[in-house]
Amino acid sequence: MFSRILIANRGEIALRIIRACRELGIKSVAVYSEADANSIHVRLADEAVCIGRAMPASSYLNIPAIISAAEITDVEAIHPGYGFLAENAHFAEICESCQIKFIGPMPENMRLMGNKMAAKETMKKAGIPVIPGSDSVLKTKEDALKESKKIGYPVIIKASAGGGGRGIRICHNDVRLIGAFLTARSEAEAAFGNPDVYVEKYIEAPRHIEFQILADEKGNVVHFGERDCTIQRRHQKLIEEAPSVFLNEKVRKKMGEFAVRGARAVDYRGAGTIEFLLDGDDFYFMEMNTRIQVEHPVTEMVTGIDLIKEQIKAAAGQKLSFGQEDIKIKGCAMECRINAEDPEQDFCPSPGRIEALNIPGGPGIRVDSHVYAGYVIPPFYDSMIAKLIAYGRDRDETIKIMRRALDEFLIEPIKTTVDFHKKVLINPDFQKGNFSTHFVEKFFPQRKKEGR
Ligand code: MV4
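Along each chain, residue indices are assigned from 1 in the same order as the chain's sequence is written. Only residues with pLDDT of at least 70 get local features here, since the model is predicted, and only at 80 or more are side-chain atom pairs given and counted; chain-wide, interface and lining totals rely on the full set of residues. For the side-chain quantities, the full set of heavy atoms in the structure was used; hydrogens and water were omitted.

Participant: Help me out: how do you make sense of the nonpolar core in this one?
Facilitator: One recurring pattern in soluble globular proteins: nonpolar side chains tend to sit buried together. Buried Ala, Val, Leu, Ile, Met, Phe, Trp, Tyr and Cys residues that are joined via side-chain atoms within 4.5 Å together make up what is termed a nonpolar core. Only protein chains enter the accessibility calculation, which uses a 1.4 Å probe; a residue is then buried when its area is under 20% of its type maximum, exposed when over 50%, and partly exposed in between. Formed by 61 residues in total, the largest nonpolar core has its most connected members in M123, F276, I338, L388 and F430. By residue number, the principal contributor to this core is helix α9 (residues 249-265), which donates 6 residues. Membership of the second largest hydrophobic core comes to 30 residues, among which are I17, Y82, F224 and I312. By the criteria applied, helices consist of DSSP H or I runs no shorter than four residues and strands consist of E runs no shorter than two, each listed in order from the N terminus.

Take a look at the structure:
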């Protein structure tokens, strides 16, 4: 087992990894930017190294600075968390070349899953259902027209190097398609340095269901059930829950088997998530995320398994200490992402100093957060400041617990998404489980900014 791990991240996930290290008896090394000098992960880690200025490119994305910090503190492994360098194959290779274990998948896993067309082809070959669409990238507008006629409108154009909603276009006819194809290619080239796009049948009101998987280095792969991440705004997840109200046992079992099969098909290592689009009882592979995700606590609450500790143990070469038959889903967990954003102003960021703070607690509540009274939320990073997780015996009870916790959650004077979540949780369609990926835009239409 490692004796010392560097955490190449900040905020709540850095704190989360420090906690796992502490319980495993592993020393933790925090890295921080000048803007994070007063962050709690800096204080709670066993050691801390300033790696640069506030902007991510100068700090949390600064590979030479992070590797230097790893060398001077003599760590055996680096945990990247999520975001920043978590899915950067080049960084993973540099770690390995420096004899530092990257706590995550192999670079080839990341590269393959980062190429959405190649990922889809690999999953299709493994017998996993994929969304009907073109078998390869579209080189010309004639290709795009031909493939779209074959599929049938509406269709969706996606960037092969994209993902997470970046570089997608929905088209309902040939005229729209040609313009969208050309725009999508140029946007993909500009955003990802790769113009390749492909086309699929557009599923009009899907649910986003993802399966957590974990693979050790000895060929063992398990899944931990699903998370339903359908409540999203502009492809940013807002509420995640497990289990999903949309799955029956038969579909759940099939999806879990396909998730494990997908991980095996790419010889996966470590923690990962297989995303599916659910359309009634039909489901299709959408993407694979090659990192631990923000919403991992939802799975931890319904399985009782510490995924970060298991991830670290697997990276240290340990065999999984449990099999699929040992993983049982009990109760219902729900996570609300608390962002320093103003829902009344189109969710624009609301950084600044927290003067008054009350963190919820009591039965069935977990809060993963790095903020404290007096903390200044920097404007340089993601706006998520806390994850509020509620756990109950069933969904109705969990919603009641979550609503009680949101009423306790005071963060003043900055604007947050607390009140937005309160509105979602009292929405009858949400309570009945009657929602798709269009829920937020349908019930909370984008507000025009004042004076527009
Ligand atoms: C789709 C789709 C419908 N049909 N693909 C959005 C980001 C990336 N994960 C792929 N996404 C979608 N792909 C087909 N063929 C709808 C979405 C989608 C979506 C998916 C999951 C969760 C939220 C979403 C919000 C908008 C669109």
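Anyway, onward from the coordinates.
Participant: Would you mind going over the site of the ligand with me for this structure?
Facilitator: Inspection of the region around the ligand gives 18 residues, with K158, G165, E200, K201 and I203 positioned closest. One nitrogen or oxygen atom from the main chain of K201 is found 2.7 Å from a nitrogen atom belonging to the ligand. Burial of the ligand by the surrounding chains reaches 93%, relative to a free accessible area of 520 Å². When residues of the shell around the ligand are traced back to their parent elements, those giving at least two are β6 (155-159), β8 (197-201), β12 (270-279) and β13 (282-289). Its residues placed into classes, the shell around the ligand shows 7 nonpolar, 6 polar and 5 charged. No fewer than three residues from each of domain 2 (132-201) and domain 3 (207-443) sit in the shell around the ligand. The rule for a residue being near a molecule or strand is that one of its heavy atoms must lie within 4 Å of it. Counted as a polar contact is a pair of N or O atoms within 3.5 Å, where, for protein atoms, one must be capable of donating a hydrogen and the other of accepting one, and residues adjacent in sequence contribute only when both atoms are in side chains. Method for areas: the Shrake-Rupley scheme with a 1.4 Å probe, in which residue coverage is limited to the protein chains shown. Residue classes follow a fixed rule: Ala, Val, Leu, Ile, Met, Phe, Trp, Tyr, Cys and Pro count as nonpolar, while Asp, Glu, Lys and Arg count as charged, and any other residue, Gly among them, counts as polar. Domain extents, as shown, originate in an automatic or database domain assignment.

Participant: Whenever I open this one, the layout of surface pockets confuses me. Can you help?
Facilitator: A water-sized probe rolled over the atoms picks out the places where empty space is left. With a 1 Å grid laid over protein atoms only, a set of points is called a cavity when a 1.4 Å probe fits there but cannot get out and a pocket when it is open yet has protein on both sides within 12 Å along at least five of seven lines; lining residues have an atom within 4 Å of a point. Grid points are joined across faces, edges and corners, and a volume is the space filled by probe spheres set on the points. Computed from the structure, the second largest pocket encloses a volume of approximately 320 Å³. Every residue lining the second largest pocket is counted, 18 residues in all, and those nearest its centre are I414, K415, T416, V418 and D419. Sorting the residues of the lining of the second largest pocket by element identifies α12 (395-408), β22 (410-412) and α13 (418-425) as the ones contributing at least two each. Counting residues per element, the lining of the second largest pocket draws most heavily on α13, which supplies 5 residues. Its residues assigned to classes, the lining of the second largest pocket shows 9 nonpolar, 1 polar and 8 charged.

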